[in-house]
Amino acid sequence: YLLAPTDGSYDVEKLGLTMEVSTMQETNWEESWKDNYPPQEVGEALVVLPYWQAEMETDRKKVILDPGLTFGTGAHPSTQMVMEAMEKLVTNRSSCLDLGSGSGILSIAALRLGAKSAIGVDIDPKAEGIARENAAYNGFSSPEFIALTGNVTTDRPLMERLGQRQYDIVLVNIVADVIISLAPTLPRFLTDGSTLILSGILDTRLGDVTTAVEQAGLTVTAVYQKEDWRCITAKKE
């Protein structure tokens, strides 16, 4: 650590240091951060685009987001695996429930793939507004897309409200411990033909999550892997 005198003056040479002065290329710092968010192709059908590239020409289905607001930009393996699994499952009759929705990316992706409705729930109150804003970028609003705030592990009135109906696809992209605590509750949201997609699971926790899912009366139908992350699909027995 270099401590300078309080008057701000010191002799660099006496300290045994060399100093080099160079001119930096002029940069628009207010805009340059956007370079870190290029279009992200996911699976066979989807591309995640930052809102400033919404007009980009592509044959893929666009999921348009403000990537600077909250978790869920499409770059994380756990999110990508859910989107890839949904490509094979979503139909124009699908109703989706997204627990731990963050930016709303998975709900929006489901709607882009043709789902008729999606509900996103997140513990962070800010996420509710952000998810609605991102949905609006894609042309979706209530009742097609509904964003809610609540703790899916402790908010019983919320879970009762959500449990008044069942869903064709239930998405839980959080972390292993939350998935394990939720597991006993998840079957209430499923019909015999529904699919549960669980992600955010490190490979070291796959066994714990699988055990919890099976103890809840569900059957694991597939396990996907990408880097150190795992994604599970499951159905009612």
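Worth saying up front: this structure is predicted, and the values here are computed from it rather than measured.

1. Re the sheet that holds strand E8 (residues 190-202)
Across a sheet, paired strands are connected by hydrogen bonds in the backbone, their directions being either parallel or antiparallel.
Phase 1 of the analysis: Reading across the sheet, the seven strands line up as E6-E5-E4-E7-E8-E10-E9 and stay open at both edges, with mixed pairing between neighbours. Every other strand in the sheet has two partners, leaving strand E6 (145-149) and strand E9 (218-226) as the edge strands with one partner each. Within this sheet the neighbouring strands show an average axis-to-axis angle of 15°, counted without direction.
Phase 2 of the analysis: Sheet analysis places strand E4 (residues 95-99) next to strand E5 (residues 117-122), joined by five bridges and oriented parallel. Pairing of Cys-96 across the sheet is with Ala-118, part of E5.
Phase 3 of the analysis: Lying on the sheet, helix H4 (residues 125-137) is in contact with E5 and E6; it crosses E6 at an angle near 165°.

2. Points about the nonpolar core
Phase 1 of the analysis: Residues Val-63, Met-83, Met-86, Phe-145 and Ile-197 are the most contacted members of the largest nonpolar core, which totals 30 residues.
Phase 2 of the analysis: Elements represented by at least two residues in this core include exactly strand E2 (46-50), strand E3 (61-65), helix H2 (77-87), helix H3 (105-112), H4, E6 and strand E7 (167-173).
Phase 3 of the analysis: Per-element accounting of this core gives the leading share, six residues, to H3.
Phase 4 of the analysis: Non-local contacts of Met-83, meaning those with residues more than four positions away in its chain, are made with Val-42, Leu-46, Val-48, Ile-105, Leu-106 and Ala-109.
Phase 5 of the analysis: Membership of the second largest hydrophobic core comes to 27 residues, among which are Ala-176, Val-213, Leu-218 and Ile-232.

3. A look at unusual backbone geometry
Of all residues except glycine, most have a negative phi; of all peptide bonds, most are trans.
Phase 1 of the analysis: Of the consecutive residues Ser-142 and Pro-143, the connecting peptide bond is found in the cis state with omega at 5°.
Phase 2 of the analysis: Looking at the element boundaries, Pro-143 is found in the loop between H4 and E6.
Phase 3 of the analysis: A positive phi angle, near 55°, is found at Glu-227, a position not held by glycine.
Phase 4 of the analysis: Glu-227 sits in the exposed class, given a relative accessible area of 65%.

4. Brief notes about the side chain of Ser-107
Phase 1 of the analysis: Checked against the element boundaries, Ser-107 lands in helix H3.
Phase 2 of the analysis: Beyond its immediate chain neighbours, meaning those up to four positions away, Ser-107 contacts Asp-98, Ala-118, Ile-119, Gly-120 and Phe-145.

5. Section: the pattern of salt bridges
Phase 1 of the analysis: In the structure shown here, the tally under the stated rule is six salt bridges.
Phase 2 of the analysis: Where Arg-60 meets Glu-41, a salt bridge forms, and the shortest distance between an N and an O atom there is 3.5 Å. On the criterion of sequence distance, the pair formed by Arg-60 in the loop between E2 and E3 and Glu-41 in strand E1 (residues 40-42) is long-range, its members being 19 residues apart.
Phase 3 of the analysis: We classify Glu-41 as exposed; its relative accessible area is 51%.
Phase 4 of the analysis: Salt-bridge contacts for Arg-205 lead to Asp-177; the nearest nitrogen and oxygen are separated by 3.0 Å. Placement of Arg-205 in the loop between E8 and helix H7 (206-215) and of Asp-177 in helix H6 (residues 176-182) is noted, with a sequence separation of 28 residues between them.
Phase 5 of the analysis: Connected through shared salt-bridge partners, Asp-177, Arg-205 and Asp-208 make up one network.

6. Concerning the packing of H2 against H3
Phase 1 of the analysis: Following both chains from N to C, one finds H2 and H3 inclined at 20°, their axes separated by 10 Å at the closest point. One way to sum up the angle between H2 and H3 is to call them roughly parallel. For the crossing formed where H2 meets H3, the hand is right-handed. Contacts between H2 and H3 involve Thr-79, Val-82, Met-83 and Met-86 from the first element and Ile-105, Leu-106, Ala-109 and Ala-110 from the second.
Phase 2 of the analysis: Looking at the contact of H2 with H3, its residues break down into seven nonpolar, one polar and no charged.

Analysis parameters
- Residues numbered from 1 in each chain as written.
- Predicted model: local features only at pLDDT ≥ 70, side-chain atom pairs only at ≥ 80, totals over all residues.
- Heavy atoms only, no water.
- Pairing = 2+ DSSP bridges.
- Helix = DSSP H or I, 4+ residues; strand = E, 2+ residues; numbered from the N terminus.
- Axes fitted to C-alpha atoms, helices over the stretch in contact; angles between N-to-C directions.
- Contact = heavy atoms within 4.5 Å.
- Core = buried A, V, L, I, M, F, W, Y, C linked by side-chain atoms within 4.5 Å.
- Buried < 20%, exposed > 50% of the residue type's maximum accessible area, 1.4 Å probe, protein only.
- Salt bridge = Lys/Arg side-chain N within 4 Å of Asp/Glu carboxyl O.
- Parallel < 35°, antiparallel > 145°, perpendicular 65-115°, else oblique.
- Left-handed = near helix turned anticlockwise from the far one by under 90°.
- Nonpolar A, V, L, I, M, F, W, Y, C, P; charged D, E, K, R; others polar.

Geometric descriptors of this kind do not, in isolation, establish any biological role.
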